[in-house]
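# A closer look at the structure
Each chain, written out:
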Amino acid sequence: MKRLSLIAATGIAGAFAFATPASATVSLAACSVTDITPNAQACAGFFSGNLISSSPADIAAQKSALATLGFTWDGTTVLETLSSLNGSHSVDFATLLKGISYVAFHFGNGQGGPGNATAFYRLNAGTGLDVIGLAYNASSNARLYSITPTTSVPEPATWAMMLAGMGLAGAAMRRRKVRTTLSFT
């Protein structure tokens, strides 16, 4: 029985090691979609260290983490980076988040945080989101990678009203009688 538990634990640890970027290690249990408000659709992390930097190893780790969330990052384009969050429980990017957005947060070693770790999130900001709430203390910095505004599709009632209006306009034009007046001078 002990041998089976050891094999199972090794298999689980191996699965977590395979799912993390090669240049980063998980320092805690996995992040959760409820780490931020509004809740994320998916998350990747917590990865040991502050991965929100421009070092080649950190760029590779960022690309890998974002790829697990379905976003292909070019390694250079960043919409916004915020530094010195000083443990704030909310992050206010100057850029209004819209639609599917990709963000990352680093938490330092402060009390109430996950430890020196970085997590990446995919969230649906809808038509516009100004502030993201954080569940942990010790926030250090944040990065906004991408926003993809969603296009809205009219509801069936809107389509029906539009077609009815066109039908009425067409009927009115058809019923109209054309009067011509001839005059001779």
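The sections below set out a description of the structure shown in this document. (Residues numbered from 1 in each chain as written. Predicted model: local features only at pLDDT ≥ 70, side-chain atom pairs only at ≥ 80, totals over all residues. Heavy atoms only, no water.)

## Description of unusual backbone geometry
Each neighbour pair has its own omega, and for Thr37 with Pro38 the value is 5°, a cis peptide bond. In this structure, Phe46 follows Gly45 across a cis peptide bond, with omega equal to 5°. For Ser84, which is not a glycine, the phi torsion comes out positive at approximately 55°. Relative to the elements of secondary structure, Ser84 occurs in the loop between β3 (80-82) and β4 (90-97). (Helix = DSSP H or I, 4+ residues; strand = E, 2+ residues; numbered from the N terminus.)

## Notes on the state of the cysteines
As enumerated under the stated definition, the model contains one disulfide in all. What pairs with Cys31 in a disulfide is Cys43, and their sulfur atoms sit 2.2 Å apart. On the sign convention where negative means left-handed, the S-S torsion of about 110° between Cys31 and Cys43 marks this disulfide as right-handed. Taken together, the residues Cys31 in the loop between α1 (2-19) and β1 (36-37) and Cys43 in strand β2 (residues 42-48) connect sequence positions 12 residues apart. You can call Cys43 partly exposed: its relative accessible area is 22%. (Disulfide = S-S within 2.5 Å. Buried < 20%, exposed > 50% of the residue type's maximum accessible area, 1.4 Å probe, protein only.)

## Quick look at the sheet that holds β4
Pairing within the open sheet is antiparallel, and its three strands lie in the order β1-β7-β4. Each edge of the open sheet carries a strand with a single partner, namely β1 and β4. Here four bridges tie β4 to strand β7 (residues 129-134), and the two strands are oriented antiparallel to one another. Within the sheet, the bridge partner assigned to Val91 lies in β7 and is Ile132. (Pairing = 2+ DSSP bridges.)

## With respect to the sheet that holds strand β6 (residues 117-124)
Ordered in space as β2-β6-β5-β8-β3, the five strands form an open sheet in which the pairing is antiparallel. Here the strands that pair on one side only, and so sit at the sheet edges, are β2 and β3. Ignoring which end each strand starts from, the neighbouring axes of this sheet average 15° apart. In the sheet, β3 pairs with strand β8 (residues 139-148) via three bridges, with the strands oriented antiparallel. Paired with Glu80 across the two strands is Leu144, which belongs to β8. (Axes fitted to C-alpha atoms, helices over the stretch in contact; angles between N-to-C directions.)

Just distances and angles here, no functional claims.
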